[in-house]
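A structural walkthrough
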Amino acid sequence: MAPYQTAVIRIGFAATWLFFLLREWPHRHELYGPDGVWSLDMARRLLGNNGAFSVLVWSDGRGWFELVYALAMISSALLMLGWRTRTMSVLFMIGVLSLQNRSVFLGDGGDNVIHLMSMYLVLTRCGQVWSLDARRARRTPAAGGDGTPGRDVTGVLLWSVLGLVLALAQLMGLHGLEWTADGPFPHVGWGLALWGLWLAHGAWWWVRRYAPGEPRTVLNTLADLAHNGALLVIMVEVCLIYATAGWYKIQGNRWQDGTAVFYPMHLDYFSPWPELSALLASSGLVVMLVTYGTVIVQVAFPFTVFNRRVKNVLLVAMILEHLSIAVLLGLPFFSLAMVAADAVFLPTNFLRWLGARVAAVRDRLLPGGAARVSSGGVSGGASATASGAVADAASGAAAAAAGDAAGDQGNPAGGPGARTRESGGGHTLVG
């Protein structure tokens, strides 16, 4: 379900986290590193009590912190491009959890959303379209006529190295890798969870490579179930965010009298453009309309997701609201995170159209550098240059089924079906 929406979520959250890490590069030591006010001992005690995970508590050395910070940026960039999405989604999750759980004094609503979505993305097949994995699946011929993937030396090597690193960390008894202590689930430690993901990736590759027929079908069905379940959780999460935000606003006096938006526009640390904020705040009618409109949209959205037309109108309104927050209040990363979360409800036809437009621009800028996108799908020969690969990952709107560290994620013969239309008028959650 919803391969394009899932790809947008992958790109959106990976890009948001990457841009945030780049923005905070000069301040990284004070925020998450050894120069922070939250000491290593306090962080270890807190994580031991709440079952959270962070590799930064393994050492207080500056070199270890620099390595983790750099790997967090690299995994974010590779996940955004869709290179080995199964592996990169796990490394992306570890990077997010490690940095955010290192210090309890940092974070806002956008950080909380990234925190949750990084774990949900691990269970999704987010590289089926608009990814380097999808590009590789189209360009690499299958080993057999039944869709059996060919040899994947890079994937096997990456899987083996990560398994060796995890084994060494386990043997050294590093903090947070318990088996049965409370971790991502009650009585399931992070050590057991990470080994489970590692073994699942290996089993997926082995079955795809050597066990065609029913084993492959069963494993593919289980992967689809996990993907669809995680996608449903993401949609419910977005609805809960807006529902709780809207109902809490209703209880506030300033939101009831229509003046709530006026006050943050006059706070220095929420006014990157003071003249623009003052201009908007000078009109009582504008302040009242924005205040009441924000509450109405947030409260109404969870009740309108099954009506495509109304849902799309409110979705546009919420995206514009977050873009306004990014400009007027100086909260770009919070806004980017929320826009990425909203993308799960974007219509499939719109995403395909948008991808086609981006591909057309790419083809004009890089003639012959990527596969052409036509009304019938993908055509033309793709260049093997690195620039063509990056452009194709960003804009392959009609991309075929994806392959990653374990092989392809869908139908190797063509692109995945959107599966967002139903017989009952097409009023679905996605599409």
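Residues numbered from 1 in each chain as written. Predicted model: local features only at pLDDT ≥ 70, side-chain atom pairs only at ≥ 80, totals over all residues. Heavy atoms only, no water.

Section: the overall build of the protein
As a reminder of what qualifies: For helices the rule is a DSSP run of H or I covering at least 4 residues; for strands it is a run of E covering at least 2, with both sets numbered from the N terminus onward. With a 1.4 Å probe rolled over the protein chains alone, any residue whose accessible area is under 20% of its type maximum counts as buried; one over 50% counts as exposed, and the rest are partly exposed. Contacts are assigned to residue pairs with any non-hydrogen atoms lying within 4.5 Å of each other. Calculation of accessible area relied on Shrake-Rupley with a 1.4 Å probe; when residues are assessed, cover is drawn exclusively from the protein chains displayed.
Per the secondary structure count, the protein includes 17 helices and four strands. Put simply, the protein has 431 residues, and 48% of those count as buried. Across the protein, contacts joining residues at least 24 apart in sequence account for 72% of those joining residues at least 6 apart. Summed over all atoms, the accessible surface of the protein reaches about 20300 Å², with 68% contributed by carbon and sulfur.

Comments concerning the nonpolar core
The line we're drawing: Buried Ala, Val, Leu, Ile, Met, Phe, Trp, Tyr and Cys residues form a nonpolar core when they are joined through side-chain atoms within 4.5 Å.
Grouped together as the largest cluster of nonpolar side chains are 74 residues, with contacts concentrated most on Phe13, Trp17, Leu99, Phe301 and Phe345. The leading source of residues in this core is helix α1 (residues 3–23), at ten residues. Setting aside residues no more than four positions away along its own chain, Phe13 makes contact with Phe92, Val113, Ile114, Met117, Ala337, Ala340 and Ala341. Formed by five residues, the second largest nonpolar core is a distinct cluster that contains Val261, Ala281, Val287 and Leu328.

Overview of the packing of helix α10 (residues 214–250) against helix α15 (residues 332–342)
Definition in use: In this analysis an axis means a line fitted to C-alpha atoms, helices contributing only their contacting stretch, and an angle means the value between N-to-C directions, from 0 to 180 degrees. Oblique is the label for any angle not covered by the other classes, which are roughly parallel (under 35 degrees), roughly antiparallel (over 145) and roughly perpendicular (65 to 115). Two helices that cross are described as forming a left-handed crossing if the nearer one is turned anticlockwise from the farther one by less than a right angle, and a right-handed crossing if clockwise.
Relative to each other, α10 and α15 sit at 125 degrees, their axes nearing to 9 Å. Viewed along their axes, α10 and α15 adopt a mutual orientation that is oblique. The way α10 lies across α15 gives a crossing that is left-handed. Contact residues: α10 offers Val238, Ile241 and Tyr242, while α15 offers Met338, Ala341 and Asp342.

Comments concerning the packing of aromatic side chains
Quick reminder of the rule: The pairing test for Phe, Tyr and Trp rings, Trp by its six-membered ring, is centres within 6.5 Å, and the orientation test on the planes gives stacked under 30 degrees, edge-to-face over 60, and tilted for anything in between. In this scheme, Lys NZ or Arg CZ marks a charge over a ring once it lies within 6 Å of the ring centre and within 35 degrees of the ring normal.
Applying the stated criterion across every chain, the model contains 18 aromatic pairs. Consider the rings of Tyr4 and Trp130, whose centres lie 5.5 Å apart with planes at 70 degrees: the pair is edge-to-face. Of this pair, Tyr4 sits in helix α1 while Trp130 sits in the loop between α6 (109–121) and α7 (132–139), and the two are 126 residues apart along the sequence. The class of Tyr4 is buried, set by a relative accessible area of 1%. With a relative accessible area of 5%, Trp130 lands in the buried category. Seen from their ring centres, Trp58 and Trp64 are 6.0 Å apart, and the 20 degrees between their planes marks the pair as stacked. For Trp64, a relative accessible area of 26% gives the class partly exposed. One aromatic cluster is present, built from ring pairs that chain together Phe53, Trp58, Trp64 and Trp190. The ring of Trp255 carries the charged tip of Lys249 above its face, separated from the ring centre by 5.2 Å.

Regarding the side chain of Arg102
Assignment of secondary structure puts Arg102 in the loop between α5 (85–100) and α6. Look past the residues within four positions of Arg102 in its chain and what remains in contact with it is Tyr32, Gly33, Trp38, Ser39, Leu40, Ala43, Ser54, Leu56 and Asp60.

Comments concerning unusual backbone geometry
Backbone geometry at Ala2 places phi at a positive 50 degrees, although glycine is not the residue there. Mapped onto the fold, Ala2 is located in the segment before α1. In this structure Ala2 comes out as buried when scored by relative accessible area, which is 0%. Backbone geometry places Trp130, a non-glycine residue, at a positive phi of 55 degrees.

Section: the pattern of salt bridges
The following threshold applies: Within this document, salt bridges are pairs made up of a side-chain nitrogen of Lys or Arg and a carboxyl oxygen of Asp or Glu, the two lying within 4 Å of each other.
Taken as a whole and judged by the stated rule, the model has nine salt bridges. Of the charged contacts, one joins Arg84 and Asp152 as a salt bridge, the two residues approaching to 2.6 Å between their closest N and O atoms. On the criterion of sequence distance, the pair formed by Arg84 in the loop between α4 (62–81) and α5 and Asp152 in the loop between α7 and α8 (153–171) is long-range, its members being 68 residues apart. For the pair Arg84 and Asp152, a shared accessibility class is recorded, and that class is buried.

Thoughts on the confidence of the model for the protein
Inclusion rule: In predicted models, pLDDT denotes the confidence assigned by the predictor to each residue on a 0 to 100 scale.
With 83% of its residues at a pLDDT of 70 or more, the protein has an overall mean of 83. In this model, residues 370–431 is a region of pLDDT below 50 whose contacts with residues beyond four sequence positions or in other chains number 178 contacts.

Here we look at α6
So the rule is basically this: By definition here, a helix of n residues has an expected span of 1.5 Å times n minus one. By the criterion applied in these results, polar contacts are pairs of N or O atoms within 3.5 Å in which, for protein atoms, one can donate a hydrogen and the other can accept it, and in which residues neighboring in sequence qualify only through two side-chain atoms.
The first and last C-alpha atoms of α6 sit 18 Å apart over 13 residues, in line with the 18 Å expected at 1.5 Å per residue. Every buried residue of α6 is listed here: Gly110, Asp111, Val113, Ile114, His115, Met117, Ser118, Tyr120 and Leu121. Residues of α6 that are buried make contact with α1, α5, α10 and α15. Structurally, the start of α6 carries an N-cap: the backbone nitrogen of Gly110 is 3.0 Å from a side-chain oxygen of Asp108.

With respect to the packing of helix α13 (residues 284–304) against helix α14 (residues 308–328)
Look at α13 against α14: their axes get within 10 Å of each other, and the N-to-C directions meet at 140 degrees. When the axes of α13 and α14 are compared, the pair comes out oblique. For the pair α13 and α14, the sense of crossing is left-handed. Contacts between α13 and α14 involve Thr294, Val297, Gln298, Ala300, Phe301 and Thr304 from the first element and Val310, Lys311, Leu314, Leu315, Ala317, Met318 and Glu321 from the second.

Section: the environment of Ile114
One can find Ile114 in helix α6. With a relative accessible area of 4%, Ile114 lands in the buried category.

Some thoughts on the environment of Asp152
Under the relative-accessibility criterion, Asp152 is labelled buried at 13%. C-alpha of Asp152 to C-alpha of Trp205: the two residues are 53 residues apart in sequence and 9.2 Å apart in space. Of note is the side chain of Asp152, whose polar atom sits 2.6 Å from the side chain of Arg84.

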